[in-house]
Amino acid sequence: MGIDLSGVLSTELKKNVEEYKKARSKNDIGECRDNAHACAVLCYQIAEQQPAFRDKYIANAKKWENIATGKITPSSGSHNKNSSSGPVAVKGSEKNSGNSSEIDFDASSLIETSSVTWNDIGGLDEVKRLVKETVVIAGLKKPDAIKPWKGILLFGPPGTGKTMIAAAAAGSLHATFFNVKSDRVLSKYFGESSKLISSLYETAKVKAPSIIFIDEFDALGSARGEGTSEASRKVLSSLLIELDGLQNKKSDHLLLSMAATNTPWDLDTAVLSRFPRRIFVTLPDEISCRSIIQINTVGLDTSGLDLPGLGRRCVEKLYSGRDIQNLCQQAIWNMIHDKNPRMDELADLPFNELKNRVLNTRELINSDFEESFERIHSPLNNDDLKQYNTWNDEYGERSQC
Ligand SMILES: Nc1ncnc2c1ncn2[C@@H]1O[C@H](COP(=O)(O)OP(=O)(O)OP(=O)(O)O)[C@@H](O)[C@H]1O
Ligand SMILES: [Mg+2]
């Protein structure tokens, strides 16, 4: 049976509520937010311990979270008549600056549930090892001198599995996964810039363990050059501040920033220095191509396939994992059309009748892939690959053989 910590946590919560009230009376917004953050974490913990009051504590945790992330501003003038667990005396609809043109950014909207596992990723063994190692070291108890990595940069050609890796890291840890698409966030929340990043990191702390995944990082990470917008520059500076803050603070919570890019050479040096762990996500080699084919044909009979031959051709054609996924999809469709030539005629049948019928399938054969090989072309050439390799040699993670 688990130990009931709810008494200890409630005492701790009361203490933090008192601290929050003191900070509020001094009008110290920063202090208020720190205490609100602690209250939110405690409410979530008590909710876990006391199933009977779960809903009440989750609701309170959310309100505290709103204060911690600046969505609700602590007000100095009001009085607390509430319970000891709930947020007290806040002006519910007030926004930070009172500026009516401000957009209400909710970092929780970036949270995605990740069901990707390490086994869904074919090949990339070294990349998986490096990422797993980073995650594990962040979690283990360790001497103060050992500082875990706080940021990982994944770089490589399109479709090689960078997003999958970040999702698998989050999935394996049951971590909250914040998926931030740089250019979309930049255009949608134009003008909200620096607040957006601090709110994102505050929310991630409350919901730790968290992984913040910044996709298309080049849209942000090269923002200090000429010709970039003020908004991009502000977002980038706030991001650098948050990353420095994480690096300097000792914390028991896992909060890992992962960024991905197809054009690492566009990143500015200040950005690179915050991501000392830069991992090259390469095109798959022959064996990896075979395992990606197997992952994408699960449930079908592939015993007649010349997997080594198919793998070799994928490598020759410079296919990425995404190209191989498309290749398999098209090959499967070829097999389906072969076995169900008159499928379209069934469209007139009632849906319930369709559910009683079975799709005809057969084993996959090499010729199912022929047409797909003709149709799928890699966007890369050997010069592109050379550019990645050169950058990796100069700036990438040294592989530890
Ligand atoms: N190593 C792999 N194993 C299995 N599937 C893969 C692998 N790499 C890519 N894929 C397939 O390709 C798709 C695209 O992968 P993903 O989105 O992770 O690529 P990416 O590197 O993030 O691409 P981009 O640079 O365009 O964002 C995945 O949904 C998956 O189906
Ligand atoms: Mg991606």
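Residues numbered from 1 in each chain as written. Chains lettered and ligands numbered in written order. Predicted model: local features only at pLDDT ≥ 70, side-chain atom pairs only at ≥ 80, totals over all residues.

Draft legend 1. Representation of the overall build of the protein. What the protein contains, in helices and strands, is 16 helices and eight strands. The burial tally for the protein puts 37% of its 401 residues in the buried class. Residue pairs at least 24 apart in sequence account for 79% of intrachain contacts in the protein once pairs closer than 6 positions are excluded. (Helix = DSSP H or I, 4+ residues; strand = E, 2+ residues; numbered from the N terminus. Buried ≥ 20, exposed ≤ 12 C-beta atoms within 10 Å, placed from the backbone. Contact = placed C-beta atoms within 7 Å.)

Draft legend 2. Structural context of the packing of helix α13 (residues 321–339) against helix α15 (residues 366–375). Here α13 crosses α15 at 135°, and the two axes come no closer than 8 Å. With respect to α15, the element α13 is oriented oblique. Crossing of α13 against α15: the hand is right-handed. From α13, L327, Q330, A331, N334 and M335 reach across to α15, where they touch D368, F369, E371, S372 and R375. Taken together, the residues that form the contact of α13 with α15 break down as four nonpolar, three polar and three charged. (Axes fitted to C-alpha atoms, helices over the stretch in contact; angles between N-to-C directions. Parallel < 35°, antiparallel > 145°, perpendicular 65-115°, else oblique. Left-handed = near helix turned anticlockwise from the far one by under 90°. Nonpolar A, V, L, I, M, F, W, Y, C, P; charged D, E, K, R; others polar.)

Draft legend 3. Broad picture of the site of ligand 1. Taken together, 18 residues lie around ligand 1, and P158, G161, K162, T163 and G321 are the ones closest in. The set of elements that each furnish at least two residues to the shell around ligand 1 consists of α5 (162–173), α11 (286–295) and α13. For the shell around ligand 1, a count of residues per class yields seven nonpolar, nine polar and two charged. There are two domains that each give the shell around ligand 1 at least three residues, and those are domain 2 (108–283) and domain 3 (286–379). (Near = placed C-beta within 6 Å. Domains from an automatic or database assignment.)

Draft legend 4. Here's a closer look at the pairing of strand β4 (residues 151–155). Burial runs high along β4: five of the five residues are buried. Alternating residues of β4 divide into G151, L153 and F155 and I152 and L154, and every residue in both groups is buried. By the bridge criterion, five bridges tie β4 to strand β7 (residues 255–261) in an arrangement that is parallel. Bridging from a neighbouring strand, F155 pairs with T261 of β7. Strand direction decides the pairing type here: β4 and strand β8 (residues 277–280), joined by four bridges, are parallel. Within β8, the residue paired with L153 across the bridge is R278. (Pairing = 2+ DSSP bridges.)

Draft legend 5. Structural view of the confidence of the model for the protein. On average, the protein scores 81 in pLDDT, and the residues at 70 or more come to 82%. Per-element mean pLDDT across the protein ranges from 31 in strand β2 (residues 90–91) up to 97 in helix α12 (residues 307–316). Residue range residues 76–84 is modelled with pLDDT below 50. Its contacts to residues more than four positions away, or to other chains, number twelve contacts. (pLDDT = per-residue confidence, 0-100.)

Draft legend 6. Molecular detail of helix α4 (residues 125–139). An ideal rise of 1.5 Å per residue puts 21 Å on 15 residues; α4 measures up with 21 Å between its terminal C-alpha atoms. Of all the positions in α4, only V127, L130, V131 and V135 are classed as buried. Taken down its axis, α4 places every buried residue within 130° of arc, on the same side. With respect to the buried face of α4, the exposed residues turned more than 90 degrees away are D125, R129 and V136. Buried residues along α4 sit in contact with β4, α5, β7 and β8. (Expected span 1.5 Å × (residues − 1). Arc of directions from axis to C-beta.)

Draft legend 7. Spotlight on the nonpolar core. Membership of the largest hydrophobic core comes to 51 residues, with the highest contact counts inside it found for L154, I165, A166, F178, I211 and F213. Setting aside chain neighbours within four positions, we find A166 in contact with I211, F213, M258 and A260. Counting 23 residues, the second largest nonpolar core, distinct from the first, contains A23, A38, L42 and I46. (Core = buried A, V, L, I, M, F, W, Y, C linked by C-beta atoms within 7 Å.)

Draft legend 8. Representation of the sheet that holds strand β5 (residues 176–181) within the structure. On the basis of which strands lie adjacent, the open sheet formed by six strands has the order β3-β5-β6-β7-β4-β8 and mixed pairing. Each having just a single partner strand, β3 (111–112) and β8 make up the two edges of the open sheet. Judged from the five bridges that link them, strand β6 (residues 210–215) and β7 form a sheet pairing that is parallel. Residue pairing across strands places S210 opposite L255, the latter belonging to β7. Across the sheet, α4 lies against β4, β7 and β8, angled at about 155° from β8, the strand it touches most.

Draft legend 9. Region of interest: the environment of W118. Summarising the element assignment, W118 is placed in the loop between β3 and α4. With 15 C-beta atoms counted inside 10 Å, the residue W118 sits in the partly exposed group.

Draft legend 10. Quick peek at the packing of α4 against α5. Contact pair α4 / α5: the axes reach a minimum separation of 11 Å and the direction vectors enclose 45°. Comparing the axis directions of α4 and α5 gives the class oblique. By crossing handedness, the relation of α4 to α5 is classed as right-handed. Together, V127, V131 and V135 of α4 and I165, A169 and L173 of α5 make up the contact between the two elements. Considering only residue class, the contact of α4 with α5 consists of six nonpolar, no polar and no charged.

Draft legend 11. Here's a closer look at the environment of C289. Here C289 shows up in helix α11. The spacing of C289 and L307 is 18 residues in sequence and 8.8 Å in space, taken between C-alpha atoms. With residues near it in sequence (within four places) discarded, C289 still touches P284, G311, C314, V315, Y319 and I324.

Draft legend 12. Seen up close, the pairing of β6. Counting buried residues along β6, six of its six residues qualify, which places the element largely inside the surrounding structure. Side chains S210, I212 and I214 of β6 all project onto a buried face; the interleaved residues I211, F213 and D215 project onto the opposite face, where all are buried too. In this sheet, β6 lies alongside β5 in parallel orientation, the contact comprising six bridges. When the bridges of β6 are listed, K181 appears paired with D215.

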